[in-house]
Amino acid sequence: MTPRTGAPRLLLAHVSPFQGCDDSTRRSEQLRSLCDQRSDPSLAGLRRLKVIGCVESLSIESSDGGVGQEDGRKRQSLRGRLGDFGRSPRMQYHALSLARQASLEVDVVAYGGSEPHKAVLEHESIHIHTMVQWPRVMQGWPKILRPLMLVMKPIYQFIMLLWFLFIKVPAPDVFLVQNPPSVPALTAVAWASWIRRSAFIVDWHNFGYTLLALSLGRSNLLVVVYCWFEKHYGKMANGSFCVTRAMQHELAQNWGIKAAVLYDQPPEFFRPASLKEKHELFCRLDKNFQLPLGVRDCFSCEATVTGDSTSDETLFTALVGSDICVKANRPALVVSSTSWTSDEDFGILLEAAVMYDRRVAAILNEDDSTDKEVLWTEMHHGKKFLYPRLLFVITGKGPDKEKYEQKIRKLNLKRVAFRTMWLSAEDYPLLLGSADLGVCLHTSSSGLDLPMKVVDMFGCGLPVCAVSYSCIKELVKVEKNGLLFSSSSELADELLMLFKGFPDDCDSLKLLRDAVNCNVNFLSLAFSSRSPLEKGGCAALSFLVSNLLGCQIKWQEDSLT
């Protein structure tokens, strides 16, 4: 094969575990660095950057003779292939970061489904294209044929991925692949990088074989084979980075892979919401808040919504004249986002809600004979109690959603209610920025990754109660930005502690929220004084890629001589 000449090109392969799996959320700051560091000598000749994978991908290519920016840099373009682009926040962050900060033309080739963020749809440099999905008829196969589907689906994805890697996209210099899924992404990119004489980097967000083991078991033959592929092709990468120090240690000790640690960071639109934004959001969602899941509860009796999104009053706020005020007897809003998969046990949250409800009743000397309707009427007319009503809003789509909704319908609660919904990409950050507490039930299939949902909550100044597992303390610092729990009883205790005296006299919650905001500001300053690989953000990825590009350029020059 004739060695390539001319300026280097970078191809990034970015994939997520499975469609709708929240684990897979990506970090926009790291991709921004590739644009921010364009003055780096080793990146000066970059013409093509591509993100490719069996479920998701992006690519960036320069247009020859393109119009330069004010500093003379060429315009470039980004292309993407994903599962459901609207359900993949990290890929939307990538597209926005590269289009905004680097003035790149962005083409996204994706599966149809949920609507992406408004900023993505309206950006003139981002172009979305739809890709053919795995046939739906195949998804309805009987369970006895499930092993066959687990083999056929990767083959289908593998062929489609090879079509793009070898036919649709020009030869790159570097691939960046997010793992998992490992099969067929790592295999296809490793082959393509060898045949097209490119290097590639792996972004380790989790281990794919551990996700497969959730449904099949660790000893299953398919899981064993999957693990072999993941380790074999992962070791072939020219560079690696991962999301936790625990994963870094695992890769080094048991996989023979040296990886840098790059922590996730939230994009700019994850921030605390203003009072006006909160009121407008609650007006849009108030009808959903008061619509029970098949049974009456402490919110369904408050029919304040007339169907007009400009209603002056919601469960939480009211418009008095031209001023917006927060209701004194408003409920506490607790948010949890999920993909409704087996690595999140929402039974813990349901049990904690029941415990909170019963413990509050005991503290207030209420017995079972207390009429719920009378109690709800008193709450509706402004009577305040030592402990507030709790409204749990659970966002997301996934296979176990209906199962848990059925369990919720069977609960007999006086002060707690649940709502499940799917929010637009614009409303989800606003909900986090308007909530009082976040709950994370992610336990990690490997015990070595971190939930991006918590990063987003911290970006909105929202304290978090999270399930405790091996490496979660790398993200959640107890009594600094959140609390940890290992059982439903511990979560119930934390809810009682945080919401006692809500909304005005809940000192524990206020201290925790203040600590979250202070900690976010401190980390922003701390990152600026660290070395590239310690920052865990844009500079680290640029440092890694620029060095790899330098090695790749030298390899090409040596091959020419």
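Residues numbered from 1 in each chain as written. Predicted model: local features only at pLDDT ≥ 70, side-chain atom pairs only at ≥ 80, totals over all residues. Heavy atoms only, no water.

1. Points about the overall build of the protein chain
Along its length, the protein chain carries 19 helices and 18 strands. For the protein chain, the share of sequence-separated contacts (at least 6 apart) that also reach a separation of at least 24 residues comes to 74%. Here the protein chain displays about 23600 Å² of accessible surface, and carbon together with sulfur accounts for 55% of that area. (Helix = DSSP H or I, 4+ residues; strand = E, 2+ residues; numbered from the N terminus. Contact = heavy atoms within 4.5 Å. Areas by Shrake-Rupley, 256 points an atom, 1.4 Å probe, with all protein chains shown as cover.)

2. Here we look at unusual backbone geometry
Glycine aside, residues mostly have negative phi, and peptide bonds are mostly found in the trans state. Cis rather than trans, the peptide bond between Val183 and Pro184 has omega equal to 10 degrees. Along the chain, Pro184 falls in the loop between strand E7 (174–179) and helix H6 (185–195). With omega at 10 degrees, the peptide bond leading from Phe502 into Pro503 counts as cis. Within the fold, Pro503 resides in the loop between helix H16 (488–499) and helix H17 (507–528). In this structure, Trp340 takes a positive phi of about 55 degrees despite not being glycine.

3. Side note on H6
Every α-helical turn comprises 3.6 residues, leaving residues that sit three or four positions apart pointing alike. Taken across its 11 residues, H6 has eight buried, putting it largely inside the fold. All of the buried residues in H6 are Ala185, Leu186, Thr187, Ala188, Val189, Ala190, Ala192 and Ser193. Following H6 by one or two positions, Arg197 has its phi on the positive side, about 55 degrees. (Buried < 20%, exposed > 50% of the residue type's maximum accessible area, 1.4 Å probe, protein only.)

4. Describing empty space enclosed by the protein
Inspection of the entire model under this criterion finds seven cavities of 30 Å³ or more. Considered as a void within the structure, the second largest cavity measures approximately 120 Å³ in volume. Classifying every residue of the lining of the second largest cavity by side-chain character gives eight nonpolar, one polar and four charged. (1 Å grid on protein atoms, 1.4 Å probe; cavity = no way out; pocket = protein on both sides within 12 Å on 5 of 7 lines; lining within 4 Å. Points joined across faces, edges and corners; volume = space filled by probe spheres on them. Nonpolar A, V, L, I, M, F, W, Y, C, P; charged D, E, K, R; others polar.)

5. Comments concerning the packing of helix H7 (residues 208–216) against helix H8 (residues 221–234)
Between H7 and H8, the least distance of the axes is 9 Å, while the angle of their chain directions is 175 degrees. One element, H7, and the other, H8, form an angle in the roughly antiparallel class. Residues Gly208, Tyr209, Leu212, Ala213 and Leu216 of H7 form the contact with H8, whose participating residues are Leu222, Val223, Tyr226, Cys227 and Glu230. For the contact of H7 with H8, the residue count by class is eight nonpolar, one polar and one charged. (Axes fitted to C-alpha atoms, helices over the stretch in contact; angles between N-to-C directions. Parallel < 35°, antiparallel > 145°, perpendicular 65-115°, else oblique.)

6. Overview of the nonpolar core
Residues Phe289, Leu333, Leu391, Leu432 and Val476 are the most contacted members of the largest nonpolar core, which totals 50 residues. Counting 39 residues, the second largest nonpolar core, distinct from the first, contains Val360, Leu441, Phe499 and Leu509. (Core = buried A, V, L, I, M, F, W, Y, C linked by side-chain atoms within 4.5 Å.)

7. Points about helix H11 (residues 347–363)
With 17 residues, H11 ought to run about 24 Å at 1.5 Å a step, and its terminal C-alpha atoms sit 24 Å apart, in line with that. Those residues of H11 not exposed but buried are Gly347, Ile348, Leu349, Leu350, Ala352, Ala353, Val354, Tyr356, Asp357, Val360 and Ala361. In this structure, the buried residues of H11 make contact with strand E14 (390–395), helix H13 (401–409), strand E15 (416–421), strand E16 (437–440), strand E18 (482–485) and H16. Asn365 occupies a position one or two residues after H11 and carries a positive phi of about 60 degrees. (Expected span 1.5 Å × (residues − 1).)

8. What about the sheet that holds strand E13 (residues 332–337)?
Spatial ordering of the open sheet is given by E15-E14-E13-E16-E17-E18, a layout of six strands whose pairing is parallel. The open sheet has two edge strands with one neighbour each: E15 and E18. Shown here is a sheet whose adjacent strand axes are inclined to one another by a mean of 20 degrees, direction ignored. With six bridges connecting them, E13 and E14 associate as parallel partners. Across the sheet, residue Ser336 finds its bridge partner in E14, namely Ile394. Against the sheet, helix H10 (residues 275–289) engages E13, E14 and E15, with an angle of about 110 degrees to E15. (Pairing = 2+ DSSP bridges.)

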